[in-house]
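Structural features, examined
Below are the chains, spelled out letter by letter.
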Amino acid sequence: MPHPTSVPDVQPLLRPVRLGALRLPNRVVMAPMTRARADNEELAPTALHAAYYAQRAGAGLIVSEGTWVSDDAIGFVHVPGIYTDAQIAGWARTTEAVHSAGGRIVSQLGHAGAVSHPDHHGGRLPAGPSAINPRETAFTPDGPKESVTPRAMTAAEIAGTIDAFRQAAANALRAGFDGLEIHAQVSHLVAQFLNPRLNRRTDAYGGSAEKRARFLLDVVDAVSGVWGADRVGVKLSPYWNGGPAFAADAEQLADYDRLLGRLDDSGLAYLHLLGPEPGTGTDDALTAFTRYRSHYRGAIVANLGLTRASGNELLERRLADAVSFGAPFIANPDLVDRFAQGHPLAVANRDTYYAGGPRGYTDYPAVTAGRPPVP
C-alpha cells in the first residue's frame, strides 16, 4: 500500500499521497490523452505542448499522452514520439515548463502494434503478436481506415521492441520526466499480447495467460532497469469492450485478476486501472475497484468516467489511492482548484480534440477569481 497521508476535513482528492517514489500534493491525476498536436515531420513536441501541460501543472501528477517508442510503434496521426533527439529536446522543454509551474509529469510509453496501418509505415504491414486482424479503426494521414491483418512478430522483433521500450525509458530520463507509465490499455500492442483472441502464439509469449503476460512483464523489467520500479506505472483496461477482439468476459477478467496478482510483487509506483465504461451494463465502478483491490495491494490510480464525488468515494473506501481525469482536464486546466472551491466545470468542444493548433488546446481559461462556488 502507498504511504498513508491523512489531512482531516479536506476532501480525499486534495490530500497528498506517495506513489512509490512519486510524492503528490493531491490525488488528482491528469490522465494520458491523445491530442494530435505534433503536426511536424519530426513528430516532436513543440512550444504548444509545453504550454498545454504547464497550464495543468496543478494536477498531483500529469501522465503525458501516449508517446511512440519507435517509428515502428506509430499508429495515429500527429502523436509525438520519444526516440529521436528532436523529440527528446521537445519533451525536455515540456518537462521544464511543468516543473517551473510546480508540477510533476511522467511519460507514457506506447506502441500501436496491430491496430496501426500500412499508411504509417511506408506500405509495410504493421506487426502484432499474431497475424490476426483486430478489426479496429486506424487513424491515418488520409483519415480513418479499417485495420488490416498484421504480420506476426518474430522472436527477434519482440526482443527489439522490448529494447525500444528500454531505450525510450532512457530517453524519458534524459528529457527530465519524473517517471514513466507503460501504455498497456485498450487495443494497443501490450493489450494485444494479453488477449487470447489476438495472441495465438505457441512460443514463450503465448499459449496460456501466464505466457501472454510475459511481454508486459519483460517490458516492466526493461524500463525498471532504467528508472527503478518505484517510478514506473502500468495502465491496464480489464473491462475494455472495444470491438470484436476486446470483450470484458469472465475469462478476460479472470486473466487480469491473475495478472494483477503477479504485478503485486513488482514494486511498481502504481497501477493505473480503467473501470467499466458507465452505462455499458457491466460492473459498476465500486464493484470493479473492489475486485482490483482484492488482487493488488499497491497503489491504484482509478480512471474512466469518474467525477469529483465518485472519485472521493473510491478514495474514502480505500479502493484507490488517486483518481485520474481525462476530458475534464481539457477545458479545465485548473481542475484541482475547481474541485477545491466547488466551481462548475467547463465543457470541452469535442470538435477540437484532434484538430491541431491552440484552439481547444491552450485557450481554455482558468475560473474567474471570486466566482461563487456551486452550493
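Before reading on, note that the structure itself is shown above.
Residues numbered from 1 in each chain as written. Predicted model: local features only at pLDDT ≥ 70, side-chain atom pairs only at ≥ 80, totals over all residues. Heavy atoms only, no water.

1. A look at the overall build of the chain
Summing up its helical and strand segments, the chain has eleven helices and 14 strands in all. A compact globule built from 375 residues should have a C-alpha radius of gyration of about 21 Å, and the chain, at 20 Å, falls within 12% of that. Here the chain holds 375 residues, and the buried ones make up 56% of them. In the chain, the proportion of contacts linking residues at least 24 apart, taken out of those at least 6 apart, comes to 69%. Roughly 14800 Å² of accessible area belongs to the chain as shown, and the carbon and sulfur atoms make up 52% of that amount. Side-chain charges in the chain split into 35 positive and 38 negative, and the spacing between the mean points of these groups amounts to 3 Å. (Helix = DSSP H or I, 4+ residues; strand = E, 2+ residues; numbered from the N terminus. Rg over C-alpha atoms; globule rule 2.2 N^0.38 Å. Buried < 20%, exposed > 50% of the residue type's maximum accessible area, 1.4 Å probe, protein only. Contact = heavy atoms within 4.5 Å. Areas by Shrake-Rupley, 256 points an atom, 1.4 Å probe, with all protein chains shown as cover. Lys, Arg positive; Asp, Glu negative; His and termini not counted. Charge placed at Lys NZ, Arg CZ, Asp CG, Glu CD.)

2. Observations concerning helix α9 (residues 308-316)
Taken together, the buried positions of α9 are G311, N312, L314 and L315. Considered in projection along α9, the buried side chains sweep an arc of 160 degrees and stay on one side of the axis. Exposed and facing more than 90 degrees away from the buried side of α9 are A309 and E316. On its buried side, α9 packs onto α8 (285-295), β13 (300-303) and β14 (322-325). (Arc of directions from axis to C-beta.)

3. With respect to the packing of aromatic side chains
Within the structure shown, the criterion is met by twelve aromatic pairs. Here Y239 and Y292 contribute two aromatic rings whose centre-to-centre distance is 6.1 Å and whose plane-to-plane angle is 65 degrees, an arrangement assigned as edge-to-face. Here Y292 lies in helix α8 and Y239 lies in the loop between β11 (232-236) and α7 (250-263), a separation of 53 residues in the sequence. Accessibility classification places Y239 together with Y292 in one group, the buried group. Among the aromatic residues, those joined into a ring-pair cluster are Y52, Y53, W91, F177 and Y361. (Phe/Tyr/Trp six-rings, centres within 6.5 Å; stacked < 30°, edge-to-face > 60°.)

4. Some words on the side chain of R104
By the element assignment, R104 lies in the loop between α2 (85-100) and β5 (105-110). It turns out R104 is buried and unbridged, and the closest side chain with the opposite charge, D178, is 6.6 Å from it. At 2.7 Å, the side chain of R104 forms a polar contact with the backbone oxygen of G60. Engagement of the side chain of R104 in a polar contact is seen with the backbone oxygen of G102, the distance being 2.9 Å. Among residues more than four places away in sequence, those in contact with R104 are R23, P25, A57, A59, G60, L61, I62, V98 and D178. (Salt bridge = Lys/Arg side-chain N within 4 Å of Asp/Glu carboxyl O. Polar contact = N/O pair within 3.5 Å; in protein donor to acceptor, adjacent residues only side chain to side chain.)

5. Description of unusual backbone geometry
Peptide bonds are, in most cases, trans, and in most cases residues other than glycine have a negative phi. Although it is not a glycine, L304 adopts a positive phi angle of roughly 100 degrees. For R318, which is not glycine, the phi torsion reads 60 degrees and is therefore positive. Position of R318 among the secondary structure elements: in the loop between α9 and β14. Given a relative accessible area of 65%, R318 falls into the exposed group.

6. Section: the pairing of β5
Across the six residues of β5, six count as buried, placing the element largely inside the fold. Summarising the sheet, strand β4 (residues 61-68) and β5 pair through five bridges and their orientation is parallel. Residue I62 lies in a different strand from β5, and its bridge partner there is I105. Two strands pair when backbone bridges link them, and β5 and strand β10 (residues 180-183) are joined in this way by three bridges, in the parallel orientation. Residue pairing for β10: Q108 is matched across the bridge by E181. (Pairing = 2+ DSSP bridges.)

7. Concerning the packing of helix α1 (residues 47-55) against α2
Close contact between α1 and α2 brings their axes to 8 Å; oriented N to C, the two are set at 25 degrees. As the angle between them shows, α1 and α2 are arranged roughly parallel. Seen along the crossing, α1 lies across α2 with a hand that is right-handed. When α1 is examined against α2, the residues H49, A50, Y53 and A54 are found in contact with a partner set consisting of W91, R93, T94, A97 and V98. Grouping the amino acids of the contact of α1 with α2 by side-chain chemistry returns six nonpolar, two polar and one charged. (Axes fitted to C-alpha atoms, helices over the stretch in contact; angles between N-to-C directions. Parallel < 35°, antiparallel > 145°, perpendicular 65-115°, else oblique. Left-handed = near helix turned anticlockwise from the far one by under 90°. Nonpolar A, V, L, I, M, F, W, Y, C, P; charged D, E, K, R; others polar.)

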